[in-house]
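Listed below are the residues making up each chain.
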Amino acid sequence: MSTNFTEAFKFYKRKNPFPDLSGLVDAHSGQNNESLKPIRCSNALENVTGFGLLSPEEWKIHELKHHPGLLFIRNPFTASGQRYWAARCLKDFPKSPNRTNLQTQRLPEDSQKDFWGFFTATDDECVRKKLKSSLRWSTLGYHHDWDNKIYTEEEKHPFPEDLFSLTGILGEILNFPDYRAQAAIVNFYPQGSTLAGHTDHSEIDLEAPLFSISFGQDAIFLIGGTSKDDPATALRLHSGDIVVMSRESRLCYHAVPKILSDSQEIWNAEYFPEITLAAEMDGDLWEKCSRKSFWSPFNEYLRDCRINLNIRQVLSGNATTL
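Residues numbered from 1 in each chain as written. Predicted model: local features only at pLDDT ≥ 70, side-chain atom pairs only at ≥ 80, totals over all residues. Heavy atoms only, no water.

Colleague: Requested: an account of the pairing of strand β5 (residues 137-141), with residues and values cited.
Modeller: Burial analysis of β5 places four of its five residues in the buried class, the great majority of the element. Relative to β5, strand β4 (residues 99-100) runs antiparallel, the two being bridged by two bridges. For R99, the partnering residue across the bridge sits in β5 and is T139. Where β5 and strand β6 (residues 183-190) come together, five bridges link them in antiparallel fashion. Bridging across to β6, L140 finds its partner in A184. (Buried < 20%, exposed > 50% of the residue type's maximum accessible area, 1.4 Å probe, protein only. Helix = DSSP H or I, 4+ residues; strand = E, 2+ residues; numbered from the N terminus. Pairing = 2+ DSSP bridges.)

Colleague: Provide a residue-level description of the sheet that holds strand β7 (residues 195-198), including the pertinent values.
Modeller: Through backbone hydrogen bonds, the strands of a sheet pair up, either in parallel or in antiparallel fashion. Pairing within the open sheet is antiparallel, and its four strands lie in the order β7-β12-β9-β10. One side of each edge strand has no neighbouring strand; the edge strands of this open sheet are β7 and β10 (233-237). Averaged over all pairs of adjacent strands, the angle between strand axes in this sheet comes to 25°, irrespective of strand direction. Bridge count for β7 against strand β12 (residues 254-260) is two bridges, and the pairing is antiparallel. When the bridges of β12 are listed, H198 appears paired with H254. (Axes fitted to C-alpha atoms, helices over the stretch in contact; angles between N-to-C directions.)

Colleague: Explain the packing of aromatic side chains to me, and be specific about the residues and the numbers.
Modeller: If you walk through the whole model with that rule in mind, you get 15 aromatic pairs. Plain terms: the ring middles of F5 and Y253 are 6.1 Å apart, the flat faces sit at 50° to each other, and that makes the pair tilted. Taken together, the residues F5 in helix α1 (residues 4-13) and Y253 in the loop between β11 (242-245) and β12 connect sequence positions 248 residues apart. Here F5 falls in the buried class, since its relative accessible area comes to 2%. Overall, the relative accessible area of 22% leaves Y253 in the partly exposed class. Between F115 and F119, the ring centres sit 5.4 Å apart and the planes meet at 20°, which makes this aromatic pair stacked. Of the two residues, F115 and F119 are both situated in helix α4 (residues 115-121); the distance of four residues between them amounts to about one turn of the helix. One exposure class covers both F115 and F119, and it is buried. Joined through ring pairs, the aromatic side chains of F115, W116, F119, F294, W295, F298 and Y301 make up one cluster. Over the aromatic face of F119 sits the side chain of R128, whose NZ or CZ is 4.4 Å from the ring centroid. (Phe/Tyr/Trp six-rings, centres within 6.5 Å; stacked < 30°, edge-to-face > 60°. Lys NZ or Arg CZ within 6 Å of the ring centre and 35° of its normal.)

So this is what it looks like as structure tokens:
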């Protein structure tokens, strides 16, 4: 059955003819910016640069006018910050004991335990190409049961401390001071891949926001309403952009119908300022990401793929278990 949301998804997904992108809301270029309402946040924290972030005074935060609660932060990361978090997503987050979709495929066991280690070690270009197109998701903390749409205490591992603190900072600045990250899904999008329309409703606390962070190539993010019959708006997301689904938008339909090419590679800025890194961060990885030889394979991946780091709170209040 045709709905406003499904029609918008099919329109932007199509390849031939390529869709008209003039309707996209793009805060970077100013296209259709009348759909965005500037937001001022009073919680300007100190020492956020230690997590790869710009000072909050430099952030550009908006709410989508026709989708209350859908907040958008125009890339608040430094180039160093983008490198660090993209490297974490590729090097560490798909590593065992975290779950990935590779564990259900006929691939070498070593690639299922340590995707990036295997990917960068192999000289077989066909194997590398297959691995790159095969990795689609990894889960952290509470591992989402895709079949039953639930979380369980049996399927849980410690949540990364640096990511927990990063989202805690975002929560403080955006007036969600009680936010606690407990689960994350890292989505990997090779060119040509999509994410169908869905809602996120598996968490116990549906009042807590979802944080969605993009790295690499651009994407079209489609946000609708609680019914697929509601009108949908398409946002162009760039590397480093953060989308926050809160309040009314928390249970709205959303999708990614297309990955778009972006040749700017803003993560490759040459300026790497000296900062005091936060204690939760991996200082060795941070330093290595400034080296061309170490960063090169990550750069090659980002040149035609997108990474989406989607973080959520599972439990309500001060609860420690389901």
